[in-house]
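Structure assessment
Now for the letters of each chain:
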Amino acid sequence: MRQKGIEIYTDNPEEEFAVSGHRACQGCAEILAVRLALKIFGKNTILVMATGCMEIISTPLPTTTWTLPWIHVAFENAAAVASGIEGALKILMEKNKIPREDIRVVAIAGDGGTSDIGLQALSGALERGHKFTYICLDNEAYMNTGIQRSSATPYGASTTTSPPGKKSIGQATWKKDMPKIAVAHNIPYVATACPSYPFDLFSKVKKARMADGPSYLHILSVCPTGWRIPTDLAIEYGKLAVRTGVFPLYEVENGQYKITHSPEPLKPIKEYIKGQGRFRHLNDDQIAKIQGRVTKEWDNLKSRCELK
Amino acid sequence: MKKGIEVSIAASIAAKLARVEAIAAYPITPQTHIVEHLAEIVANGELDAVYINVESEHSAMSACCGSSATGARTFTSTSAQGLELMHEILFIASGMRFPIVMATVNRALSSPLSIWGDHSDVMAARDTGWIMLFCENGQEVVDMIIMAFRIAEDRGVLLPVMVNLDGFSLSHVIEPIELPSQMMVDKFLPPYSPLYTLHPNKPVTMGAYAMPELYTEAKYAQEMAIINSKEIIKNVMDEFGKQFGRQYKPVETYNTENADFVFVALGSIGENIKTAIDELKGEGKNAGLVQLRLFRPFPSEELFSVLKDKKRVAVIERVMPAGAPNGPLFQEISSVMCTNSLLMHMENYIVGLGGRDVLPESFIDIFNGTACEKSTVPIRDKNFKVIGVRG
Ligand SMILES: Cc1ncc(C[n+]2csc(CCOP(=O)(O)OP(=O)(O)O)c2C)c(N)n1
Ligand code: SF4
């Protein structure tokens, strides 16, 4: 429903599964993304989490932020642990040891736990067709260990292991296209999302939950701490990432690409880059190079959507 | 009734008799026959289990953690590089108290690449918090796998258990083995009833992190669990003996009563040592053998009571100590002796690395004090002898 530019979501579930008291930084969009996504997954969910910010801020013994069954085993294996849980649920239900119910297993990891060290376990789990949802919380670096670069860190960004200097621009390679890698596994549902667009996120979580097989959600989660921005601007920068075409919102249902929110005409990426401390060192030429790449990628995505 | 059967096949049948519900495994020689045969058993509907064909051993152990946490009786098997790839998760499985059972088919580690048997793999994983059993023959492999689930799932234990068997020299031989009936195993091993599981009906948080104020206490509690498991392991072995007629002990002895000289060894090499002991006996010489069935928790008391009045102890190991003064088993036994203020003449021999044959003659040479050694390491830094090194 739309009212004077305000969207009202009528069936917004009130129940919380990530409750207050955790220690995420002020303005963290990662915890916001998890909280919103879990509302839609609902009570019948088992959560597996990789090592990273979300695990560390939520479970110092003997406390917990999670009102769902939750397990953390290690950094690189959330998808493998989820495979074991999904398999066990299946056999225990078959043997009538536990009641037959629709329980969704959800594995959550950061961009490091997904696109770097956890890529093999994720690929294995997607390929084996386990009925589970994998969520990558992409804050574009290893934030938990102190803002080191990952393969999802954007070109030109400064991190503690990709610092700019006389001989360095900062992160020297382009961001790995994780959603495309997920799509290549021919799974039923892949989507990108961002908590700055909560209703788009809700509808994608719903589809991911219903998928008959593995589903993959790639959620851009702004990290004020690592991006060097004021803590009240996480939502704003998420929006700018979408409006500039840096992080397009789309979904891929059974191989079919669809842009779910068209920001055209795209805003210049300068608006996104300026104000972020991690890009402070970039000059106009370098920004122009990034602009060229973003425009090209956006056109590529559009052409994938037109192919019917 | 005994039946000629390959030990690996018997191991997979033991897992089936234990009614395992989840298997996550990745193939590696010489463990392959176990996981292949289990896959067949599941494919033929002879066992209601989920079989997860993971993409690596790291994921195998991770998936085992997931299925065990969900409440399924869980089994896996590996060797060598596979065990080391699991290494990180081995600690987590024991720290999170998952009663997973793993058949570890012991094999040499790279490099150089060797697919053949020795104990390099398990010795590199010996302090991962797993209960460790060692088998001498195929019958023991079957019996230990069945006992392992009883031990692991005991509410007083709740720890993962590794059943070690030697690659090829045990895994690939055909032996007469008595396979117990399903009815007997069911009587001995009740269905797994887990304490906590991952289920929306009763949400729990597993695998939280500990601040410095709590880590020591958590680790101490885990240590007490493995130390206290020894009594439970003994009870399980006794009960198994009563029901199946085959009695096991954490420390087994052969001809030790009359001997001043004893060998201490792990695994299938015990059979060759027994042959040497029998030959020596024929010459009127007395030697004994002490076999450790249980390696973790280390059966210090039982070992001490056998060794305390011996004059010479020869510790036989199948792993290169890599810069250490002695092999790992020797270090552990000598620390038991020191703790009990007893110093005795102890010798350390490294044999059978990477599948090298070890014949009974070597043990006769050791007994006679004529076992050869070739090595350039200065003697004051090294107290072990490597048997059979060519120049
Ligand atoms: C095997 C292993 N290597 C390294 C680490 C250290 N480590 C813990 S979390 C982390 C980075 C997490 O980054 P990411 O997955 O992007 O999540 P974020 O914290 O940014 O949300 C690293 C490197 C580890 N726990 N395990
Ligand atoms: S470092 Fe970033 S991702 Fe981590 S809790 Fe803080 S704001 Fe969130």
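As a reminder, the structure under discussion sits directly above these lines.
Just so we're clear, the structure is a prediction, and the values are computed from it rather than from any experiment. (Residues numbered from 1 in each chain as written. Chains lettered and ligands numbered in written order. Predicted model: local features only at pLDDT ≥ 70, side-chain atom pairs only at ≥ 80, totals over all residues. Heavy atoms only, no water.)

1. A closer look at the interface of chain A and chain B
Much of the literature gives interface size as the accessible area that the parts lose upon coming together. Counting from both sides, the interface comprises 43 residues of chain A and, opposite them, 40 residues of chain B. Taken over both partners, the interface formed by chain A and chain B buries close to 3,200 Å², and the fraction arising from carbon and sulfur atoms is 64%. On inspection of chain A and its partner chain B, the count reaches three salt bridges. One salt bridge in this structure joins A:Lys97 and B:Glu21, with 2.6 Å as the shortest N-O distance. The interface formed by chain A and chain B includes 14 residue pairs in polar contact (both at pLDDT 80 or more). Elements with a contribution of two residues or more to the side of chain A that touches chain B: β3 (45-49), α2 (53-56), β4 (70-72), α3 (78-94) and α5 (119-128) of chain A. The leading source of residues in the side of chain A that touches chain B is α3(A), at 10 residues. (Contact = heavy atoms within 4.5 Å. Buried area = accessible area lost by both parts, 1.4 Å probe. Salt bridge = Lys/Arg side-chain N within 4 Å of Asp/Glu carboxyl O. Polar contact = N/O pair within 3.5 Å; in protein donor to acceptor, adjacent residues only side chain to side chain. Helix = DSSP H or I, 4+ residues; strand = E, 2+ residues; numbered from the N terminus.)

2. Some points on the sheet that holds strand β2 (residues 22-24) of chain B
Residues and elements named next belong to chain B. The seven strands are arranged β3-β2-β4-β5-β7-β6-β13 in an open sheet whose pairing can be described as mixed. In this open sheet, the two strands that pair with only one neighbour each are β3 (50-52) and β13 (294-296). Recorded for the sheet is a direction-independent mean angle of 20° between the axes of neighbouring strands. In the sheet, strand β6 (residues 131-134) pairs with strand β7 (residues 161-166) via four bridges, with the strands oriented parallel. What sits directly across from Leu133, in β7, is Val163. The sheet strands contacting helix α3 (residues 57-70) are β2, β4 (74-78) and β5 (101-106), and the helix crosses β4 at an angle near 165°. (Pairing = 2+ DSSP bridges. Axes fitted to C-alpha atoms, helices over the stretch in contact; angles between N-to-C directions.)

3. Some words on the sheet that holds strand β16 (residues 384-386) of chain B
Residue and element names in this part refer to chain B. Spatially, the six strands line up as an open sheet ordered β10-β12-β11-β14-β15-β16, and their pairing is mixed. Each edge of the open sheet is held by one strand with a lone partner, namely β10 (251-254) and β16. Averaged over neighbouring strand pairs, the angle between their axes works out to 25° when direction is ignored. Bridge analysis of strand β15 (residues 345-350) against β16 gives three bridges, and the strand direction is parallel. Its bridge partner being in β16, Ile350 is matched across the sheet by Val386. Sitting on the sheet, helix α12 (residues 360-368) is in contact with β11 (261-265), β12 (287-292), β14 (312-317) and β15, with an inclination near 150° to β14.

4. Details of the packing of aromatic side chains
Residues and elements named next belong to chain B. Evaluation of the coordinates by the stated rule reveals 18 aromatic pairs over all chains. Ring centres of Phe263 and Phe363 lie 5.7 Å apart, and the angle between their planes is 85°; on these two criteria the pair is classed as edge-to-face. One end of the pair, Phe263, is in strand β11; the other, Phe363, is in helix α12, with 100 residues separating them in the sequence. Residue classification places Phe263 among the buried positions, given a relative accessible area of 0%. Given the relative accessible area of 0%, Phe363 is considered buried. A cation sits over an aromatic face here: Arg150 above Phe188, 4.7 Å from the ring centre. Looking at Lys274, its charged tip hangs above the ring of Tyr254, at a distance of 5.4 Å from the centre. (Phe/Tyr/Trp six-rings, centres within 6.5 Å; stacked < 30°, edge-to-face > 60°. Buried < 20%, exposed > 50% of the residue type's maximum accessible area, 1.4 Å probe, protein only. Lys NZ or Arg CZ within 6 Å of the ring centre and 35° of its normal.)

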